[in-house]
Amino acid sequence: MNNLAVTFHDQGRLAEAELLEQEVLELSRKVLGDEHPDTLYGMNNLAATLRDQGRLAEAELLNQEVLELSRKVLGNEHPDTLESMNNLAITLYAQGRLDEAEPLEEEVLKLRRKVLGNEHPGTLKAMGNLAATLRDQGRLDEAEPLEEEVLKLRRKVLGNEHPGTLKAMGNLAATLYAQDRLDEAESLQQEVLKLRRKVLGNEHPDTLDAMNNLATTFHAQGRLDEAEPLKQEVLKLRRKVLGNEHPDTLTSMNNLAITLYAQGRLDEAEPLQQEVLELRRKVLGNEHPDTLDAMNNLATTFHAQGRLDEAEPLKQEVLKLRRKVLGNEHPGTLKAMGNLAATLRDQGRLDETEPLQQEVLKLRRKVLGNEHPDTLTSMNNLAITLYAQGRLDEAEPLQQEVLKLRRKVLGNEHPDTLESMCNLATTFHAQGCLDEAEPLKQEVLKLRRKVLGNEHPGTLSAMGNLAATLYAQDRLDEAESLQQEVLKLRRKVLGTSTLTRSRPWATWWTRSVTRAAWPRPSSWGRSSLSVKDVSFGRPEAVAKELEDQDALSFSRVFRVLEAECGGPLTLQALENRRQLQSAGRHEDFPAGLVLELIQVFDIVDADGSRCIGWTELLAAMLLAAKERTLPDYACWRAFDTLSMGGPALTKASLRRACHSPRRAARPATSQTAARRLADPEDMVSEIARSGEVRREDFQGLLAGRYSESSGDAGGDWRAKLADHYGLQSEP
């Protein structure tokens with residue numbers, strides 16, 4: 001019976017295995033007694049099945065009981081007692097209780113070395129388990145030498161081709177992967193796959209694991225066209241060998257969906273993720289960690305499709321169930337909180353985003369420590385939200401701390417460290433601290449050139465960031481030279497856009513904003529604006545180029561673009577979208593427009609915010625197409641400034657806008673605003689009784705159409721804002 005239960009377990013038929021193991025345990029207790037070694041063995045098997053079903057609390061209780069009885073019956077140093085300790089550590093690990101698992105694994109390793117010797121397979125297994133925990137704690141420099149030692153000893157004791165040796169090679173590759181040493185990881189994984197095919201055959205589960213791991217590394221290297229067919233093969237073979245509903249088969253389906261997602265084939269990824277979720281619910285239950293992972297992945301795809309209203313409730317459910325199953329402090333729970341916060345942020349719900357990110361940061365500091373990479377990611381995310389709220393003085397010290405710790409933990413040249421340097425420099429720029437921003441941006445550019453090469457998108461982004469600061473310092477010749485270089489390299493790397501010839505995005509716009517009466521391209525005239533006119537704060541020049549049309553149509557286009565990019569129009573979001581549709585499978589998305597935005601991103605991002613706003617999108621379109629566009633430039637500029645980048649103009653945003661140096665590239669702006677808009681609270685009350693005005697309503701207000709305004713408030717505000725921005729007030 002026990003052997004049959006083991007077979008069921010290996011086949012993924014966990015519910016059948018559990019019933020059989022329950023029966024074996026009941027009979028063993030009746031015939032042999034509670035403390036007999038065979039009874040303890042049966043308890044241990046049942047605990048393993050419960051653990052694999054995601055019933056971690058039940059598994060832990062059984063593991064604790066087995067360990068207690070093993071110590072009593074067999075003694076502390078008996079091999080079976082040590083195995084029981086190891087099993088309990090595995091369950092604690094699965095619960096995310098790494099700080100409890102680690103000392104138990106240390107003890108197992110110490111005692112196995114004493115009892116069994118340094119080279120015994122059980123000792124090497126204990127070393128491998130400890131290394132895995134250290135890796136997941138972010139202690140990669142401690143994990144790597146331990147895995148090197150395991151591999152060396154397994155090669156010596158077992159030989160190069162033994163499955164245990166190959167497993168050790170795979171574990172070391174996983175740590176190299178985590179250290180971002182992808183080329184070294186790939187080389188090791190290629191060797192593991194070659195040897196497993198030789199020793200075990202093409203269809204052995206361990207061979208399929210090796211194929212999957214190599215495909216994951218290909219994915220991380222950006223070699224999606226190599227990753228996809230390998231994942232397709234793994235899925236095909238797992239379906240053949242293990243069946244459609246085996247957990248490993250479902251994992252393969254999930255992994256393939258991830259690569260399809262990265263290729264921009266969202267319409268193919270989504271049904272696969274729907275199927276994974278349905279089957280995991282059937283096989284594993286609604287609350288199994290793998291089921292929750294499937295829910296989260298589907299929600300991520302919804303987010304990327306711009307279906308935020310569908311993504312949010314799914315992420316809420318994932319968070320609720322992870323709190324119930326794993327507890328408030330489990331890394332999976334904290335990840336779910338962070339994911340939900342990202343969706344709330346992209347919905348513009350910053351007041352809900354911030355407290356969630358604060359909680360994630362607090363708990364990660366408690367659970368993982370101040371220096372864990374995930375903790376630093378949480379700090380970085382919170383700083384981004386504070387920046388978006390205009391709370392620069394709070395964002396800056398957080399970014400300083402992230403940068404300091406990433407330098408210490410990851411090194412000066414790690415991509416995350418360079419990201420932190422870039423973020424801090426952007427905040428310095430926004431604060432008007434240009435002399436502090438410039439050297440930091442120079443360093444980012446130097447290191448990205450060294451690490452990534454001259455033509456990498458990250459390097460080009462760094463060049464654009466530096467150009468924005470040089471311009472703000474009035475070093476116009478240096479700024480223009482750098483911008484020309486960025487544009488030249490982007491055109492070389494991405495290709496010359498055919499936007500002005502075929503405009504492949506024109507039909508997309510027509511379908512997306514039909515009800516908005518978007519004007520026909522044939523009605524546009526040529527623009528006489530120069531690059532500097534549209535990109536560096538000459539609204540009076542732009543205003544003369546614009547016709548008085550309904551800006552609400554452009555509002556809808558802008559929102560659709562943000563939805564398609566999964567949030568704000570940052571360079572990274574645009575780069576991601578370009579990669580996602582590199583295969584040309586999404587005809588509804590304006591590929592040509594995205595390419596043009598990437599090419600001119602650093603030219604139009606004059607304020608160094610690293611995000612294309614309404615006014616900057618207009619500038620990009622003027623630059624890219626050299627044709628006239630129709631929205632009300634003054635409206636966008638005013639709303640962006642007075643709402644401090646938020647989704648609505650409020651008393652608080654007006655107060656900050658009138659007294660904040662955020663628009664550092666034009667320091668006179670805030671002083672002028674404070675002087676000419678002397679009583680912002682009264683003005684907001686005059687606009688709307690609710691004290692809040694959204695983008696569309698603000699546009700209507702400027703056109704004198706806002707229904708909540710009193711008297712001629714619309715015209716009055718139009719005059720005030722036109723005066724504020726140096727524009728001629730239109731009748």
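Residues numbered from 1 in each chain as written. Predicted model: local features only at pLDDT ≥ 70, side-chain atom pairs only at ≥ 80, totals over all residues. Heavy atoms only, no water.

1. Quick look at the overall build of the protein
- Each helix and strand counted, the protein has 38 helices and four strands in total.
- Counting every position in the protein, which comprises 731 residues, the buried fraction comes to 53%.
- By sequence separation, contacts in the protein at least 24 residues apart represent 58% of the contacts at least 6 residues apart.
- A total accessible area of about 32000 Å² is found for the protein, and carbon and sulfur atoms account for 48% of it. (Helix = DSSP H or I, 4+ residues; strand = E, 2+ residues; numbered from the N terminus. Buried < 20%, exposed > 50% of the residue type's maximum accessible area, 1.4 Å probe, protein only. Contact = heavy atoms within 4.5 Å. Areas by Shrake-Rupley, 256 points an atom, 1.4 Å probe, with all protein chains shown as cover.)

2. Re the pattern of salt bridges
- Here the structure, examined in full by the defined rule, presents 44 salt bridges.
- As a salt-bridge pair, Glu 354 and Arg 391 come within 2.6 Å of each other at their nearest N and O atoms. With a gap of 37 residues between them, Glu 354 in helix H18 (residues 350-368) and Arg 391 in the loop between helix H19 (373-388) and helix H20 (392-410) connect regions that are remote in the sequence.
- Through salt bridges with shared partners, a single ionic network connects Glu 18, Arg 55 and Glu 58. (Salt bridge = Lys/Arg side-chain N within 4 Å of Asp/Glu carboxyl O.)

3. Focus on the packing of helix H17 (residues 331-346) against H18
- At a closest axis distance of 9 Å, the pairing of H17 and H18 adopts a crossing angle of 160°. Of the possible angle classes, the one that applies to H17 and H18 is roughly antiparallel. Like other packed secondary-structure pairs, H17 and H18 cross with a definite hand, here left-handed. Contacts between H17 and H18 involve Leu 334, Lys 335, Met 337, Gly 338, Leu 340, Ala 341, Leu 344 and Arg 345 from the former and Leu 350, Glu 352, Thr 353, Leu 356, Gln 357, Glu 359, Val 360, Leu 363 and Arg 364 from the latter. (Axes fitted to C-alpha atoms, helices over the stretch in contact; angles between N-to-C directions. Parallel < 35°, antiparallel > 145°, perpendicular 65-115°, else oblique. Left-handed = near helix turned anticlockwise from the far one by under 90°.)

4. Re the environment of Lys 324
- Mapping Lys 324 onto the fold places it in helix H16 (residues 308-326).
- For Lys 324, a relative accessible area of 59% translates into the label exposed.
- Sequence-wise, Lys 324 and Glu 287 are 37 residues apart; in three dimensions their C-alpha atoms are separated by 8.6 Å.

5. Some thoughts on the packing of H19 against H20
- Where H19 contacts H20, the two axes come as close as 8 Å, and the packing angle between them is 155°. As the angle between them shows, H19 and H20 are arranged roughly antiparallel. In the packing of H19 onto H20, the handedness of the crossing is left-handed. Along the contact surface, H19 presents Leu 376, Thr 377, Met 379, Asn 380, Leu 382, Ala 383, Leu 386 and Tyr 387, while H20 presents Leu 392, Glu 394, Ala 395, Leu 398, Gln 399, Glu 401, Val 402, Leu 405 and Arg 406.
- Among the residues making up the contact of H19 with H20, the classes are represented as eleven nonpolar, three polar and three charged. (Nonpolar A, V, L, I, M, F, W, Y, C, P; charged D, E, K, R; others polar.)

6. Here's the deal with helix H8 (residues 140-158)
- With 19 residues, H8 extends 26 Å between its outermost C-alpha atoms, agreeing within 8% with the 27 Å of an ideal straight helix rising 1.5 Å per residue.
- Among the structural elements, helix H7 (121-136) and helix H9 (163-178) are those in contact with the buried residues of H8.
- Where H8 ends, the next residue or the one after it, Gly 159, has phi of about 100°, a positive value. (Expected span 1.5 Å × (residues − 1).)

7. As for the confidence of the model for the protein
- Summary statistics for the protein give a mean pLDDT of 74 and a share of 69% for residues scoring 70 or more.
- Across residues 657-689 the pLDDT falls below 50, and counting only partners more than four positions away or on other chains, this stretch makes 72 contacts in the model. (pLDDT = per-residue confidence, 0-100.)

8. Describing helix H23 (residues 457-472)
- Across its 16 residues, H23 extends 23 Å between first and last C-alpha, which sits within 8% of the 22 Å expected from 1.5 Å per residue.
- With 14 of 16 residues buried, H23 is to be regarded as a mostly interior element.

9. Topic: the side chain of Thr 301
- Locating Thr 301 in the fold gives a position in helix H15 (residues 289-304).
- At 2.6 Å, the side chain of Thr 301 forms a polar contact with the side chain of Gln 273.
- When residues no more than four places from it in sequence are discounted, the contact partners of Thr 301 are Tyr 261, Leu 266, Glu 270 and Gln 273. (Polar contact = N/O pair within 3.5 Å; in protein donor to acceptor, adjacent residues only side chain to side chain.)

10. Concerning the environment of Leu 284
- Counting through the fold element by element, Leu 284 comes out in helix H14 (residues 266-284).
- With 39 residues separating them along the chain, Leu 284 and Glu 245 place their C-alpha atoms 9.9 Å apart.
- Sequence-distant contacts of Leu 284, that is, excluding residues within four places in its chain, are made with Leu 14, Gln 53, Pro 247, Leu 279, Asp 290 and Thr 291.

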